[in-house]
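# Residue-level structural notes
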Amino acid sequence: MNVAMSTPTPAEHTLVAVEMAGVHKWFGQFHVLKDINLTVMRKERIVICGPSGSGKSTLIRCINGLEQHQRGRIVVNGTELTRDVRSLDAARRDVGMVFQQFNLFPHLTVLENCTLAPIWVRGLSKAEAEMRAMHYLERVRIPEQSYKYPSQLSGGQQQRVAIARALCMNPKIMLFDEPTSALDPEMIKEVLDVMIELAQEGMTMLVVSHEMGFAREVADRVVFMDDGQIVEINGPDEFFARPRHERTKLFLSQILR
Amino acid sequence: MKRPAAESKAAAPPRRGGSLAADPRFRAFVVQAILLIAIVWIGWTLFENIRQNLAAQKIASGFGFFGETAGFGISQTLIPYTEESTYGRAFFVGLVNTLIVSALAIVFATILGFAVGIARLSRNVLLARLAEAYVEVLRNLPLLFQILFWYLAVLGTLPGPRQSTPLLGAVYLTNRGIIFPKIGLEPGSGIVFGALGIGFLLALILRFLQRRQMLMGSERRSFGWLTLLLIVGLPALAFVLTGAPVSLKWPELRGFNFVGGARLNPELLALLFALSTYTASFIAEIVRAGVLAVPRGQTEAAFSLGLSRRTTLRRVVAPQAMRLIVPPLTSQYLNITKNSSLAAAIGYPDFFYVFAGTTLNQTGQAIEIIAITMAVYLAISLATAIFMNWYNRAIALKGA
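Described below are features of the structure shown in this document. This is a predicted model, so every value here is computed, not measured.

Let us look at the packing of aromatic side chains. Residue and element names in this part refer to chain B. Under the counting rule described, the total for this entry stands at 18 aromatic pairs over all chains. Aromatic side chains Phe 66 and Phe 355 sit 5.9 Å apart centroid to centroid with 25° between the ring planes, which places their arrangement in the stacked category. With a gap of 289 residues between them, Phe 66 in the loop between α2 (24–56) and α3 (87–120) and Phe 355 in helix α11 (residues 351–363) connect regions that are remote in the sequence. For Phe 66, a relative accessible area of 23% translates into the label partly exposed. A relative accessible area of 0% means that Phe 355 is categorised as buried. On the basis of an interplanar angle of 90° and a centroid distance of 5.3 Å, the ring pair of Phe 91 and Phe 351 is categorised as edge-to-face. Of this pair, Phe 91 sits in helix α3 while Phe 351 sits in helix α11, and the two are 260 residues apart along the sequence. Members of the aromatic cluster, joined through ring pairs, are Phe 65, Phe 66, Phe 72, Tyr 81, Tyr 87, Phe 91, Phe 92, Phe 351, Phe 355 and Tyr 377.

Residues and elements named next belong to chain B. For helix α7 (residues 224–241), built from 18 residues, the straight-helix expectation of 26 Å at 1.5 Å per residue is met to within 8% by its first-to-last C-alpha distance of 25 Å. Looking at α7, one finds that the buried residues are Leu 230, Pro 235 and Ala 238. Gly 243 lies just past α7 and shows a positive phi near 75°.

A word on the interface of chain A and chain B. One frequently used descriptor of interface size is the decrease in accessible area upon assembly of the parts. Opposite the 28 residues of chain A that make contact, chain B presents 25 residues. Buried surface at the junction of chain A and chain B, both sides included, amounts to about 2400 Å², of which 62% is carbon and sulfur. Our enumeration of links across chain A and chain B arrives at one salt bridge. Our count for the chain A to chain B interface comes out at five residue pairs in polar contact (both at pLDDT 80 or more). The element contributing the most residues to the side of chain A that touches chain B is helix α4 (residues 110–120) of chain A, with four residues. Class assignment of the residues belonging to the side of chain A that touches chain B gives a composition of 17 nonpolar, seven polar and four charged.

Residues and elements named next belong to chain B. Mapped onto the elements of the fold, Tyr 81 is located in the loop between α2 and α3. Of the residues examined, Tyr 81 reaches a relative accessible area of 11% and is grouped as buried. Taking the C-alpha atoms as reference points, Tyr 81 and Val 93, separated by twelve residues in sequence, lie 7.5 Å from one another. Polar side-chain contacts of Tyr 81 include one of 2.8 Å to the backbone oxygen of Phe 72.

Cut-offs used in this document
- Residues numbered from 1 in each chain as written.
- Chains lettered and ligands numbered in written order.
- Predicted model: local features only at pLDDT ≥ 70, side-chain atom pairs only at ≥ 80, totals over all residues.
- Heavy atoms only, no water.
- Phe/Tyr/Trp six-rings, centres within 6.5 Å; stacked < 30°, edge-to-face > 60°.
- Helix = DSSP H or I, 4+ residues; strand = E, 2+ residues; numbered from the N terminus.
- Buried < 20%, exposed > 50% of the residue type's maximum accessible area, 1.4 Å probe, protein only.
- Expected span 1.5 Å × (residues − 1).
- Contact = heavy atoms within 4.5 Å.
- Buried area = accessible area lost by both parts, 1.4 Å probe.
- Salt bridge = Lys/Arg side-chain N within 4 Å of Asp/Glu carboxyl O.
- Polar contact = N/O pair within 3.5 Å; in protein donor to acceptor, adjacent residues only side chain to side chain.
- Nonpolar A, V, L, I, M, F, W, Y, C, P; charged D, E, K, R; others polar.

From the geometry alone we can't say anything about function, so treat these as descriptive.
The following block contains the structure:
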């Protein structure tokens, strides 16, 4: 926990946010994650790509315990994820997540979506929680929609609310699971812009995405996964210019036209 | 491709050979005219048939029978009734009996149904399997069978009044029903009820303050004990201070039966058990379906925000599940009311048995009584539906 308390210094960049060592996971007989080793530093931005079914979503869902790994070690912000519910709670409090399908709560207003967890988990007062929510809604540029319900918003707006909702918990790490895949093309940019800003402010981010422009612009490292394994990890320039593995080359040739 | 009406009108009448039979409008007119004549004829025949039959049997129609003496006894009367009372009185005795068994069955079926439905979703395999077995057994056996089962095979096999041994000193389970001490209210008991009311009020205020405090974010303290003290302690104190203003009338065995105590008839119990447990199996499925229909992403989003399982269920899943649960739940409530008329099979004096049964037999006023019976069940069902629809609107998704 002293990681979180220390003042931000350049040295902090070397501290570990997420460590995955020898992680395996099975869905029944299906081996989804095979010996995953990945260390993410604080303030690092990782983009994970790969063909569908390669285990990228499962990988980031393991980090906040939505999926449980069966072998190996996952340490999030100094807390190892175990079967113990308290370790999960501790990890989830530091990790925000944004989903492909937004998953906003349809029975709550935008503002209530953002205040629910701060009130019930952090114990904030309603007024404090609303102030914080408005702050983040302004940052994602939709404060004027705060009294609407999710169904009244466009996909891009909903996804920005989802980002604000996660930020209201002041997470130290943000996970994005294909945040723009369910959006119409003209809405992708507004969401990516918010994510780029977030990256520039130094948020630790793990992004599952096929937005290669985004990866080029903000990623510190790009992870390529196939068949449950991490095939290649490299800086974006190297990754796109000189992919080392055949599978990476094939994948890139398919998505970059 | 449908053409707009005006266009088709203009384009339609290229009559072949001027034949009226080929004109769709003319044909439609003829068909409708024939239908109208048929309906009028059927209605008139029914009316005339009834009039002639009533005249032939010398039955005067009308509602005068309501004021006549009923002359039959009813085994469960929650409002004063004797054999000398009128049919009108009997009507209300039956109605109250139907309403009481329906209301109680609705409450019990809802509690049991929600419990079983949630148990079926439990991660505890044993509990989930038990709940599943409950649902499959109860919903697949005819309700009439279940009523008779409770009446004959369970309650009917209890010992007679003379053989029964009391539970907790004074509750007798017998084949004549459950007999227990009757609580009589003496002067001063009003103060105890007043204290109970004040206790509830204070507890509500406390809850409101606590909620506000939570919203203000100040320190959260549990007021569970204080609430309990207010609701239980305050009336208890009043009870002691006023010198226990109640009298217990203990049941005593005289001859072959008990006198003095209060009694729940086996007919009421059997009907209530059967209706509640049977309907609960359907409600359990409705609840399970409602909870499962809330997308998995909702729970995942709640978990990833750090909400506990409990808070997720209460604040995220339940509000969304209730919207799916309420409309089919309303149907089950209506079924309970209507199914309560199976009371006739075991002689529970419900509305149908008393009114459409005995009263109809004795007065012969079939038309009036059947019409009133239909109107009464319709009224109860509509009232239930109106209330549930109001509730459904109150919890409906806003802004959708």
